[in-house]
Amino acid sequence: MGKRFPGQAPGRVAKRLRERLRALAGGDDRGQTAVEYLGIIAVVVAIVLVLTRTDFGSQIASAISNQIGRVTGG
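Cut-off values and rules
- Residues numbered from 1 in each chain as written.
- Predicted model: local features only at pLDDT ≥ 70, side-chain atom pairs only at ≥ 80, totals over all residues.
- Heavy atoms only, no water.
- Helix = DSSP H or I, 4+ residues; strand = E, 2+ residues; numbered from the N terminus.
- Buried < 20%, exposed > 50% of the residue type's maximum accessible area, 1.4 Å probe, protein only.
- Areas by Shrake-Rupley, 256 points an atom, 1.4 Å probe, with all protein chains shown as cover.
- UniProt positions renumbered as here; feature names shortened; annotations may be inferred.
- Patch = residues over 30% accessible without salt bridge, like charges linked within 9 Å, V, L, I, M, F, W, Y side chains within 5 Å.
- Salt bridge = Lys/Arg side-chain N within 4 Å of Asp/Glu carboxyl O.
- Lys, Arg positive; Asp, Glu negative; His and termini not counted.
- Charge placed at Lys NZ, Arg CZ, Asp CG, Glu CD.

Section: the overall build of the protein
Link 1 in the chain: Each helix and strand in the protein was counted, giving 3 helices and 0 strands.
Link 2 in the chain: Counting helices and strands in the order they occur from the N terminus, the protein gives α-α-α.
Link 3 in the chain: Counting all 74 residues of the protein, 4% fall into the buried class.
Link 4 in the chain: Carbon and sulfur atoms provide 63% of the accessible area of the protein, an area that totals close to 6800 Å².

And the structure:
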């Protein structure tokens, strides 16, 4: 029989071991944290700032308009 731990049933030890292994493997994620949401917001704000404050945004808009014109024949 397997090694026994004082005061704990073998099934309980196995369950705790599975839980810890799952947590280490990253399978215990149950939702986004506030830090992850702030990171996503920061990236979106950075993209919006680049597109609005540089010529790059107008270049993208122009390229999209040109492609739409080619597809629609106009």
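Concerning the UniProt feature "transmembrane region" (unreviewed entry) in the protein
Link 1 in the chain: Annotation from UniProt places "transmembrane region" (unreviewed entry) at residues 34-52.
Link 2 in the chain: In this annotation, residues 34-52 is assigned 100% helix and 0% strand; the end-to-end C-alpha distance for the span is 27 Å.

Focus on a positive patch on the surface
Link 1 in the chain: Together, Arg 12, Lys 15, Arg 16, Arg 18, Arg 20 and Arg 22 give the surface a local cluster of positive charge.
Link 2 in the chain: Counting through the fold element by element, Lys 15 comes out in helix 1 (residues 10-24).

A word on a nonpolar patch on the surface
Link 1 in the chain: A cluster of nonpolar side chains, contributed by Val 43, Ile 47, Val 50, Leu 51, Phe 56, Ile 60, Ile 64 and Ile 68, occupies part of the molecular surface with about 680 Å² of accessible area.
Link 2 in the chain: Of all the secondary-structure elements, those providing two or more residues to the nonpolar patch are helix 2 (34-53) and helix 3 (55-72).
Link 3 in the chain: Its place among the elements puts Phe 56 in helix 3.

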